[in-house]
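Architecture at a glance
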Amino acid sequence: MLLQRLVEYADTSKDVIPAFYARKPVRWSLEIDGSGVPRGGLVDTADKDDPHRKFGATSLVPAVTRTAGISPVLAVDNGEYVFGWLSEGARPERVAKQHDAFRALITEWAAAEPDDVGPAIAAFYRGGHASKLQPPSDWSRGDLIGFWVDGVYAADTSPARRFWAEVAGDRKGSGLSGLCLVCGQVQPLLKTVPQLIPRRWVPGATQNASLVSMNEAAHGYELQKSLTNTPICADCGLKFTTALTGLLSDPLHSTALSGQNARLAWWVLGGSTFDPWATVEQLDPAQIRNLIAGPASGTEATVDDLSRYCSVTVGGNVARVVVRDWVEQPISRVKDNVRAWFDDHRIVDAWTGEVVEVKVSQLARAAGRFEAGRNGGPGTWTKFGASGEQRPPDLFHGLLGAALLKRPLPPKLLNHVINRIRIDGRLDPARAALIRLALRRHPTLPEHERERLTPTLNVEHKQPPAYVSGRIFAVMDDLQRTVFRVADQKLNTTFAERYFGRAIDNPQVVIVSGRRNVQAWLKRLRGPLRRPQWSDAYERRLDDLFVQIDAIPSVAVLTDKAQFILGYHQQRAEMRVERLAAAANKKKTDLPPEPDDAAPNTDDEGDDA
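Residue positions are given per chain, counting from 1 as you read along its sequence in written order. In keeping with the model being predicted, local features are shown solely for residues with a pLDDT of at least 70 and side-chain atom pairs are shown and tallied solely at 80 or more, while totals for entire chains, interfaces and linings include all residues. Each side-chain value is worked out from all heavy atoms of the structure, with water and hydrogens disregarded.

**Topic: the packing of helix α16 (residues 465–486) against helix α17 (residues 495–505)**
To define axes, lines are fitted to C-alpha atoms, for helices over the stretch in contact only, and angles between the resulting N-to-C directions are given on a 0 to 180 degree scale. Going along the chain from the N terminus, every DSSP run of H or I of four or more residues is numbered as a helix, and every run of E of two or more is numbered as a strand. In the contact formed by α16 and α17, the axes pass within 10 Å of each other and the chain directions differ by 165°. Classed by the angle they form, the pair α16 and α17 counts as roughly antiparallel. At the point where α16 passes α17, the crossing takes the right-handed sense. Facing α16, whose interface residues are F473, M476, D477 and Q480, α17 presents F495, A496, Y499, F500 and A503. When residues are sorted by character, Ala, Val, Leu, Ile, Met, Phe, Trp, Tyr, Cys and Pro go into the nonpolar class, Asp, Glu, Lys and Arg into the charged class, and all the rest, Gly among them, into the polar class. Taken together, the residues of the contact of α16 with α17 break down into seven nonpolar, one polar and one charged. Each angle is binned into one of four classes, with values under 35 degrees roughly parallel, values over 145 roughly antiparallel, values of 65 to 115 roughly perpendicular, and all other values oblique. When the near helix sits turned anticlockwise from the far one by under a right angle, the crossing is termed left-handed; a clockwise turn instead gives a right-handed crossing. Contacts are assigned to residue pairs that have any heavy atoms within 4.5 Å of one another.

**Looking at the sheet that holds strand β13 (residues 308–330)**
In spatial order, the strands read β10-β13-β12-β11; together these four strands make up an open sheet with mixed pairing. Both edges of this open sheet fall to β10 (205–210) and β11 (254–255), since each of them pairs with a single strand only. When DSSP finds two or more bridges between a pair of strands, those strands are recorded as paired. Examined bridge by bridge, β11 and strand β12 (residues 263–269) share two bridges and lie antiparallel to one another. For T255, the partnering residue across the bridge sits in β12 and is L264.

**Considering the environment of R391**
Locating R391 in the fold gives a position in the loop between β17 (380–381) and α12 (395–405). Partly exposed residues are those whose accessible area sits between 20% and 50% of the maximum for their type, while under 20% is buried and over 50% is exposed, using a 1.4 Å probe and protein chains only. For R391, a relative accessible area of 7% corresponds to the buried category. Linking R391 and D44, residues 347 residues apart in sequence, is a C-alpha distance of 44 Å. If sequence neighbours within four positions are ignored, R391 has contacts with A364, R365, A367, G368, W381, T382, K383, F384 and H416.

**Let's talk about the confidence of the model for the chain**
Looking at the chain, the pLDDT average stands at 84 and 91% of residues meet or exceed 70. As a per-residue measure, pLDDT reflects the predictor's confidence and takes values from 0 up to 100. Below a pLDDT of 50 lies the segment residues 596–609, which in the model reaches 41 contacts outside its immediate sequence neighbourhood of four places, other chains included.

**Some thoughts on the nonpolar core**
As used in this record, nonpolar core signifies buried Ala, Val, Leu, Ile, Met, Phe, Trp, Tyr and Cys residues forming a set joined through side-chain atoms within 4.5 Å. Ranked by internal contacts, the top residues of the largest apolar core, which has 88 residues, are W341, L399, I435, I472, F473 and F500. Broken down by element, the residue count for this core peaks at 11 residues, all from α16. Not counting residues up to four positions away in its chain, the partners in contact with F473 are F495, A496, Y499, F500, A503, V510, F564 and Y568. Core analysis: the second largest hydrophobic core is formed by 46 residues, I32, L105, I106 and F147 among them.

**Points about unusual backbone geometry**
Look at the link from Q463 to P464: it is a cis peptide, with omega at 5°. Within the secondary structure, P464 is located in the loop between α15 (447–452) and α16. One non-glycine residue, V318, adopts positive backbone phi at about 60°. Topologically, V318 is positioned in strand β13. Residue class for V318 comes out partly exposed when judged on its relative accessible area of 41%. The phi dihedral of Q390 falls on the positive side, at around 55°, and the residue is not glycine. Inspection of the secondary structure puts Q390 in the loop between β17 and α12. Accessibility expressed as a relative area gives 44% for Q390, which makes it partly exposed.

**Topic: the environment of E113**
Relative to the assigned elements, E113 resides in the loop between α3 (92–112) and α4 (118–126). Considering only alpha carbons, one finds E113 and F163, 50 residues apart in sequence, at a separation of 7.8 Å. Leave out the neighbours within four places in its chain, and E113 touches P119, P159, R162 and F163. Pairs of N or O atoms within 3.5 Å make up the polar contacts considered here, provided that, within protein, one atom can donate a hydrogen while the other can accept it, and that residues adjacent in sequence are counted only when both atoms are side-chain atoms. A polar atom in the side chain of E113 sits 3.1 Å from the side chain of R162.

See the structure below:
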């Protein structure tokens, strides 16, 4: 099914690379006229300051898998084939054969396609111009050299593609015809898959890799090598390889994070314009708006019911592609899954007060270790794959599967995130979103409890007591900050910075002992600081919260720890929203205002560093 869907994508997409072609950097170009006379020397297309042209301008290049034999490609090749140049360590007799083979291929092309640019290149060699060109001083053996004829790139004309497909197909064909397992038609069959996928697109591969191969007798049915018992026609073999290469190399259709051992590629068949990647990773506002509005407005396009979402996750082992995951689902179901994903992870930002969605890669990044900045500077998340990242393996792809396919979350994710919050002392929107997501998808949580876990503060959510305890802790911390700010005293360590990790495990011991500090802070506000109205406001809020719980939990199970963190985060956000509304004269509040130069505390909350 995977090969069939790749072939179907190749047949319907305009972005698929032509058969037996690949995108490669062509370092040197040579312009000739229609009679084969050079219009100057070799032109270096490399630009060391441009990362996209560091090794030359990228162009479509005829390509087949080369073995130990001599195998020229059409109109673009290295200096040994094109000019017979000798590089260090090369054998002169072999290079001479390579050059002769390249010229013979040009002659054959010129005879087969007399109206194309091939005759001009053949005339270039007959005129002896090749022997007059010397290797540039910075030429290397791997540099590709391409011909241009009267401003036309010779290797990529329609006749050149047609001729090259026939030549390459003959080289890789088995000489037999039979029933192709992919298309179900009787066609000329391949001996081996004609092209390999570049190793840079296959994490873990140490060589260019093949999607289908049997190059040892022990690998094949009845101890047969090659594709003897896996009949694939030349057309299908070309299409699925070029389609997968194009998808893996396209940033709009694939993704891989550094340090991860897999790369995911996706595509849509059937005509739907829905872009899952733009929705869950790029957070395209238009895509999200249309996705959410679709069911309510009744404007769901019928084409989505007939379209399919396909994705494949691949890794590498030496020269083979390892398929780690293969998915095919109706687009309508994927849309339902993405809607549920947003419903489950949306969270209020404690600094802006707005409800936000978080892209999948940021959720995966926030699950790793956070390194605080020096001297109060902004911190950073440990990079993917770095030593000590403390991030679950394959987390990104696990979260992506949960978003698009509604798969279960990676095991122990909730426990891991809670431990990272305790150890790092950092809780930001991404980590809060992970907490809410893991709670709403926890297998033992009753449905009525799941619905209480809203993106913003839910004042009706009183069970379990851990949620209200988190709210109490947030008010206590806010009170301390206000007292020290009004007193114009420097606060080296806040209440939350000192006790948050302990409060997650045992809210009772921290909150009960913290009430003594609270009484002292309220007394300072009423007395020396002359802010009795603020003292009364904090006291009312704490009293209202304390009466909502019969007993402060002392031993927290995993979900209670998550509820405490969520209550703390949402209470802080709610107080921030109140202050913003009061500052804009939209709402009254009894909370003291924040100073104009207030900034998010990057030690525990705030934007991604």
